[in-house]
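A structural walkthrough
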Amino acid sequence: MATDEEGHCGFLKAPLIQKTVNMMWFANKHDNRVMFHKHIRPFPYLALALILSAIECCIDEWMTSMWTDIPFTTQEYCGTYELHLKCLQAFEDAIKTYNFMPASCTRLYEVGWCVYTSPYISNVN
């Protein structure tokens, strides 16, 4: 399980998820890609489910221990996406009293926004 700098662990703390958020939504400081950044704070479950589905596609490509090109298409991964979204929502409902999901999604946004707006960080890769 991935941990953060404070030693907390959880599936949403996996560096791969944050790196994907940074690359897709906060990559280039010199364009207007994040014009509506307030609409993705906290980071939406819909987008998180998409990231988890893309990660699953990458894992599927290596399922046989040899890489096979699997297109990330609606036809192939719509059901996977819907399942991830349903699981995220069920997980939130199960632990709602702890405010875990909203806090974690806000953190995904804030770390990405920090990378995007920092004058000291030039590359998110």
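The structure this text deals with has already been given above.
So, a few notes on the structure that sits alongside this text. Computed from a prediction, not measured in an experiment: that's the story for all the values here.

**Topic: the overall build of the protein chain**
A count of helical and extended segments in the protein chain gives 4 helices and 0 strands. Secondary structure elements of the protein chain occur, N-terminal to C-terminal, as α-α-α-α. Counting across all 125 residues of the protein chain, residues that qualify as buried make up 32%. In the protein chain, the proportion of contacts linking residues at least 24 apart, taken out of those at least 6 apart, comes to 66%. Surface exposure of the protein chain reaches about 8400 Å², of which carbon and sulfur atoms provide 61%.

**Remarks on the environment of Leu 48**
Looking at the secondary structure, you find Leu 48 in helix 2 (residues 45–61). Counting along the chain gives 57 residues from Leu 48 to Cys 105, while the straight-line C-alpha distance between them is 8.4 Å. Excluding its chain neighbours within four sequence positions, the residues that come into contact with Leu 48 are Leu 12, Ile 17, Phe 43, Leu 88, Met 101, Cys 105 and Leu 108.

**Examining the environment of Pro 102**
Here Pro 102 lies in helix 4 (residues 100–117). A C-alpha to C-alpha distance of 6.6 Å links Pro 102 and Pro 42, two positions 60 residues apart in sequence. Leaving out residues up to four positions away in the same chain, Pro 102 has contacts with Pro 42, Tyr 45 and Glu 92.

**Brief notes about the pattern of salt bridges**
Opposite charge on two side chains permits pairing when their charged atoms draw close. Taken as a whole and assessed by the stated rule, the structure comprises 2 salt bridges. Note that Glu 110 is salt-bridged to Arg 41, the shortest N-O span being 2.5 Å. Highlighted residues: Glu 110 in helix 4 and Arg 41 in the loop between helix 1 (15–25) and helix 2, separated in sequence by 69 residues. Of the residues examined, Arg 41 reaches a relative accessible area of 44% and is grouped as partly exposed. A salt bridge links Lys 96 to Asp 93, with the nearest nitrogen and oxygen atoms 3.7 Å apart. Each member of the pair, Lys 96 as well as Asp 93, is classed as exposed.

**Some thoughts on the nonpolar core**
Residues Phe 43, Leu 48 and Met 101 are the most contacted members of the largest nonpolar core, which totals 19 residues. Here the element with the most residues in this core is helix 2; it accounts for 6 residues. Once residues lying within four places of it in the same chain are set aside, the contact partners of Met 101 are Phe 11, Leu 12, Tyr 45, Leu 48, Leu 88, Phe 91 and Glu 92.

**Points about helix 4**
Quick reminder: α-helices carry 3.6 residues per turn. Residues three or four places apart thus point the same way. Spanning 18 residues, helix 4 covers 25 Å between terminal C-alpha atoms, matching the ideal 26 Å at 1.5 Å per step. In this fold, the buried residues of helix 4 make contact with helix 1, helix 2 and helix 3 (74–94).

**Here we look at the layout of surface pockets**
Estimated volume of the second largest pocket: approximately 170 Å³. Taken together, Leu 16, Lys 19, Thr 20, Met 23, Met 24, Trp 25, Leu 50, Ile 51, Ala 54 and Phe 72 make up the lining of the second largest pocket. Within the residue set of the lining of the second largest pocket, elements represented by two or more residues are helix 1 and helix 2. The element best represented in the lining of the second largest pocket is helix 1, accounting for 6 residues. When grouped by side-chain class, the residues that make up the lining of the second largest pocket number 8 nonpolar, 1 polar and 1 charged.

About the thresholds
Residues numbered from 1 in each chain as written. Predicted model: local features only at pLDDT ≥ 70, side-chain atom pairs only at ≥ 80, totals over all residues. Heavy atoms only, no water. Helix = DSSP H or I, 4+ residues; strand = E, 2+ residues; numbered from the N terminus. Buried < 20%, exposed > 50% of the residue type's maximum accessible area, 1.4 Å probe, protein only. Contact = heavy atoms within 4.5 Å. Areas by Shrake-Rupley, 256 points an atom, 1.4 Å probe, with all protein chains shown as cover. Salt bridge = Lys/Arg side-chain N within 4 Å of Asp/Glu carboxyl O. Core = buried A, V, L, I, M, F, W, Y, C linked by side-chain atoms within 4.5 Å. Expected span 1.5 Å × (residues − 1). 1 Å grid on protein atoms, 1.4 Å probe; cavity = no way out; pocket = protein on both sides within 12 Å on 5 of 7 lines; lining within 4 Å. Points joined across faces, edges and corners; volume = space filled by probe spheres on them. Nonpolar A, V, L, I, M, F, W, Y, C, P; charged D, E, K, R; others polar.

So far we have only geometry, and geometry alone does not tell us how the molecule works.
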